Amino acid sequence: MTPYGSDHDDWSSYDEDEAPTLPSRELVEADIRIVDSVAAALACDVQVRGRRLEVIVQNRVVILLGEVESQEVRLAAGIVAWAVPEVYDVCNRLSVAPGP
């Protein structure tokens, strides 16, 4: 057993003088464009519109959150998000509501 902090892979061994890197302005602007485009595309899609979904974009990765009534709507939302230009990946975290 090694003492806490002695492992070279330990997160606490980072260089405290090194500032964390922030995303570039271009990446932030791309994320803003993508979130607006995905939200607009979802609102225009017949299967998906009218649903309360949350769209988050980070580093060009779209994260879809919320609850939909069927697997078909969940898949349709993912396809719509993938079709938006500049999207690098889609994490479809939509859940299907249990039936009545």
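Above this text sits the structure in question.
In this report, the structure presented in the accompanying data block is examined. (Residues numbered from 1 in each chain as written. Predicted model: local features only at pLDDT ≥ 70, side-chain atom pairs only at ≥ 80, totals over all residues. Heavy atoms only, no water.)

Across its full length, the protein holds 2 helices and 3 strands. Tracing the protein from N to C terminus, the helices and strands come up as α-β-β-α-β. Across the 100 residues in the protein, those meeting the buried criterion constitute 24%. In the protein, of all internal contacts separated by at least 6 residues, the share reaching a separation of at least 24 is 58%. Surface accessibility of the protein: about 7,400 Å² in total, with carbon and sulfur atoms responsible for 55%. (Helix = DSSP H or I, 4+ residues; strand = E, 2+ residues; numbered from the N terminus. Buried < 20%, exposed > 50% of the residue type's maximum accessible area, 1.4 Å probe, protein only. Contact = heavy atoms within 4.5 Å. Areas by Shrake-Rupley, 256 points an atom, 1.4 Å probe, with all protein chains shown as cover.)

Turning next to unusual backbone geometry. Excluding glycine, residues mostly carry a negative phi; peptide bonds, for their part, are mostly trans. You will see that R60, though not glycine, has its phi angle at about 70 degrees, which is positive. If you trace the backbone, R60 turns up in the loop between β1 (53–58) and β2 (61–68). With a phi angle near 80 degrees, E86 is a residue other than glycine that sits in the positive phi range. Judged by its relative accessible area of 37%, E86 falls in the partly exposed class.

Here β2 runs beside strand β3 (residues 89–96); their pairing, made up of 8 bridges, is parallel. For E67, the partnering residue across the bridge sits in β3 and is S95. The parallel pair β2 and β3, bridged by helix α2 (residues 71–82), forms a crossover whose chirality is right-handed. (Pairing = 2+ DSSP bridges. Right-handed = clockwise from strand over helix to strand, strands pointing away.)

Looking at the element boundaries, N92 is found in strand β3. A residue is classified by how much of its surface remains accessible, and N92, at 17% relative accessible area, is buried. Here L94 takes part through its backbone nitrogen, which lies 3.1 Å from a polar atom of the side chain of N92. Among all residues touching N92, those that are not within four sequence positions of it are L64, R74 and G78. (Polar contact = N/O pair within 3.5 Å; in protein donor to acceptor, adjacent residues only side chain to side chain.)

When you line up the elements, P85 lands in the loop between α2 and β3. With a relative accessible area of 61%, P85 lands in the exposed category. The spatial distance from the C-alpha of P85 to the C-alpha of R60 is 9.9 Å, given a sequence separation of 25 residues.

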